[in-house]
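Per-entry structural report
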Amino acid sequence: MEQDVIQSLPEYDEHKNVSFLRDDKTNMRAFVAIHRKNGDMPSFGATRFWKYDNETEALRDALRLSCLMSYKAALAGLPCGGAKGVIFHQEDSAGQGRTRILESYAKQISSLKDSFITGTDVGVLQSDLFVMKRYAQNIVGFNDNSTKFTALGVVHGIQCAVERAFRSSSVKGRTFAIQGLGKIGAAVLEAIAPEAGDVYVADTDADKVASAKRAHKNVVEVPPDEIHRQKVDVFCPCAMGNALNTNNVAELSCSVIAGGANNQIENEVVGDILQRMGILYAPDYVINAGGLIAVYDEYEHPDSYEEERVRHKVLTIEDRLGHIFDESEKHGKPTHRIANELAEQTFNAYA
Ligand code: NAI
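These notes cover the structure that comes with them.

Every one of the 20 residues lining the ligand counts as a neighbour, but Thr150, Ile184, Asp203, Lys208 and Ala239 are closest to it. With respect to the ligand, the side chain of Asp203 contributes an N or O atom lying 2.6 Å from an oxygen atom. A distance of 3.1 Å separates an oxygen atom of the ligand from a polar backbone atom of Gly260. Broken down by secondary-structure element, the contributors of at least two residues to the shell around the ligand are helix H5 (146–166) and helix H6 (183–192). Partitioning the shell around the ligand into residue classes produces 7 nonpolar, 8 polar and 5 charged.

Along the chain, the position of Ala343 falls in helix H13 (residues 335–348). On the basis of relative accessible area, Ala343 is assigned to the buried category, the value being 0%. In the structure, Ala343 is positioned 267 residues away from Ala76 in sequence and 9.3 Å away in space, judged by C-alpha atoms. Not counting the four nearest positions on each side in its chain, Ala343 is found in contact with Tyr71, Ala74, Leu75 and Tyr285.

The next subject is the environment of Leu321. Of note, Leu321 is situated in helix H12 (residues 317–331). Here Leu321 falls in the buried class, since its relative accessible area comes to 0%. Through-space distance from the C-alpha of Leu321 to that of Val286 is 7.0 Å; in sequence the pair is 35 residues apart. With near-sequence residues (within four places) excluded, Leu321 lies in contact with Gly157, Cys160, Ala282, Pro283 and Val286.

What follows covers the sheet that holds strand S10 (residues 231–237). Here we have 6 strands laid out as an open sheet, ordered S9-S8-S7-S10-S11-S12, and parallel in their pairing. At either end of the open sheet lies a strand with only one pairing partner, and these are strand S9 (219–221) and strand S12 (280–281). As paired strands, strand S11 (residues 253–257) and S12 are joined by 2 bridges and run parallel to one another. Looking at S12, one finds that Val256 is bridged to Leu280. Relative to the sheet, H6 contacts strand S7 (176–179), strand S8 (199–202), S9 and S10, its axis offset from that of S7 by approximately 160 degrees.

All right, on to the packing of helix H2 (residues 55–75) against H13 then. For the pair H2 and H13, interaxial distance at closest approach is 9 Å and the crossing angle is 90 degrees. Here H2 is positioned roughly perpendicular relative to H13, judged by the angle of their axes. Contact residues: H2 offers Ser70, Tyr71, Ala74 and Leu75, while H13 offers Ala339, Asn340, Leu342, Ala343, Glu344, Thr346 and Phe347. Residues belonging to the contact of H2 with H13 are distributed by class as follows: 7 nonpolar, 3 polar and 1 charged.

Whenever strands of a sheet pair, they do so through backbone hydrogen bonds, lying parallel or antiparallel. One open sheet holds the 4 strands; their spatial order is S1-S2-S5-S4, and the pairing between them is mixed. The sheet terminates laterally at strand S1 (17–23) and strand S4 (47–50), the two strands that pair on one side only. Across the sheet, the mean angle from the axis of one strand to that of its neighbour is 15 degrees, orientation sign disregarded. Bridge count for S4 against strand S5 (residues 83–88) is 4 bridges, and the pairing is parallel. Paired with Arg48 across the two strands is Val86, which belongs to S5.

Considering all chains together, one arrives at 8 aromatic pairs under this definition. Where Tyr71 meets Phe347, the ring centres are 4.9 Å apart and the plane angle is 85 degrees; that geometry is what we call edge-to-face. Residue Tyr71 is found in helix H2, and its partner Phe347 is found in helix H13; the two are separated by 276 residues along the sequence. Considering the side-chain rings of Tyr296 and Tyr299, the 5.7 Å spacing of their centres and the 50 degrees angle between planes classify their relative orientation as tilted. Within this pair, Tyr296 and its partner Tyr299 are both found in helix H10 (residues 290–300), separated by 3 residues, close to a single helical turn. The class for Tyr296 is buried, based on a relative accessible area of 4%. Exposure remark for Tyr299: the relative accessible area of 31% places this residue in the partly exposed category.

With that out of the way, let us pick up the packing of H5 against helix H11 (residues 307–314). Two numbers describe how H5 lies on H11: the axes approach to 9 Å, and their chain directions differ by 40 degrees. The pairing of H5 with H11 is recorded here as oblique in orientation. As H5 packs across H11, the resulting crossing turns out to be right-handed. Along the contact surface, H5 presents Lys148, Phe149, Leu152 and Gly153, while H11 presents Glu307, Val310, Arg311 and Val314. Residue composition of the contact of H5 with H11, by class: 4 nonpolar, 1 polar and 3 charged.

Now for the pattern of salt bridges. Summed over the entire model, instances satisfying the criterion amount to 26 salt bridges. Here Asp128 makes a salt bridge to Arg98, at a shortest N to O gap of 2.8 Å. Taken as a pair, Asp128 in helix H4 (residues 126–133) and Arg98 in helix H3 (residues 95–109) lie far apart in primary sequence, 30 residues in all. In this structure, Asp128 and Arg98 share a single accessibility class: buried. Close ionic contact of Lys313 with Asp297 constitutes a salt bridge, the shortest N to O distance being 2.6 Å. Separated by 16 residues along the polypeptide, Lys313 in helix H11 and Asp297 in helix H10 bring together distant segments of the chain. When its relative accessible area of 23% is taken as the criterion, Lys313 is described as partly exposed. Beyond isolated ion pairs, a larger network of salt bridges with shared partners links Arg48, Asp61, Arg64, Lys84 and Asp121.

Criteria and thresholds
- Residues numbered from 1 in each chain as written.
- Predicted model: local features only at pLDDT ≥ 70, side-chain atom pairs only at ≥ 80, totals over all residues.
- Heavy atoms only, no water.
- Near = heavy atom within 4 Å.
- Polar contact = N/O pair within 3.5 Å; in protein donor to acceptor, adjacent residues only side chain to side chain.
- Helix = DSSP H or I, 4+ residues; strand = E, 2+ residues; numbered from the N terminus.
- Nonpolar A, V, L, I, M, F, W, Y, C, P; charged D, E, K, R; others polar.
- Buried < 20%, exposed > 50% of the residue type's maximum accessible area, 1.4 Å probe, protein only.
- Contact = heavy atoms within 4.5 Å.
- Pairing = 2+ DSSP bridges.
- Axes fitted to C-alpha atoms, helices over the stretch in contact; angles between N-to-C directions.
- Parallel < 35°, antiparallel > 145°, perpendicular 65-115°, else oblique.
- Phe/Tyr/Trp six-rings, centres within 6.5 Å; stacked < 30°, edge-to-face > 60°.
- Left-handed = near helix turned anticlockwise from the far one by under 90°.
- Salt bridge = Lys/Arg side-chain N within 4 Å of Asp/Glu carboxyl O.

The values reported here are purely geometric and, on their own, carry no functional implication.
Put into structure tokens, the structure is as follows:
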């Protein structure tokens, strides 16, 4: 794809490098976008394997998500920039065809080892990493389940936000609305339900809602399109992006928004509105950085995994959130703008 086409896309943000990977033998097509790079340090970003309508949509996703990773890494205190790998589905991206695509992708990213470290995102399993590792060394995510650490950070981030809003980190009697009961949403539910008051939940997968109701008597089911407007203390977006947008922001009836989903606010203006409504928003890429912190630890310590060390690092998310809340109060600025400024100061200083 031509450089001027890439630069004309709205997600382009002076990316350091964008590579188009292609192998006609296996029909592999992928983009690797590197948003920012810190000196000799490779940039981090997991690989997504997804069906897109066309090549441009795949590229736009790679540009957008690599940018998000720079913000996430900067505010997780990690000295790496952000990147993203996106493999896009072709008709024959299943079974043996899929394995050959992963192998071919791995062979091509191995030459990017000084600038790109990757792992699993949507559509890539941990077992796929073992296939890829045969051809590329710049792969992480083998030590443990990084989602476990994302959930740990999200739960502690929720407590930190609750403490700021209600002057006590206890969730006892607090009411919650959880959007999405997948890996992160279910972990949040397990952590808070035993103490919380009513917990409203919604998922497009009815089985997940049924099992949550069976497990906890304070769980109340609501339809997916009504979860955001529940009158609760805390709304936890744990499903897809754009949970808070121009169409629904006025309908919110919570004091705190803290959850695991990426790209929770549609744009900066929606975040500004949250502040005007008196809602405390825990910026998504700060609270959900636990998985990245875990895989970065694996890169730093390839031969010595210590769960307690990773746990300790993930819990520092609370300190950073606390600092963002302090700055927001001090300057009367929305939390997402404070977080963006802090991250940009960090990665814009990279050589
Ligand atoms: P998941 O795929 O396990 O769970 C997502 C859940 O949301 C599913 O149960 C799905 O049925 C449900 N869902 C989809 N659309 C919905 C809707 N409109 N209303 C209600 N429920 C809906 O994903 P996971 O791993 O729990 O991730 C959740 C979010 O957290 C995603 O935005 C992901 O990008 C983000 N995230 C996850 C990380 C991880 O380590 N798993 C790391 C950082 C961010």
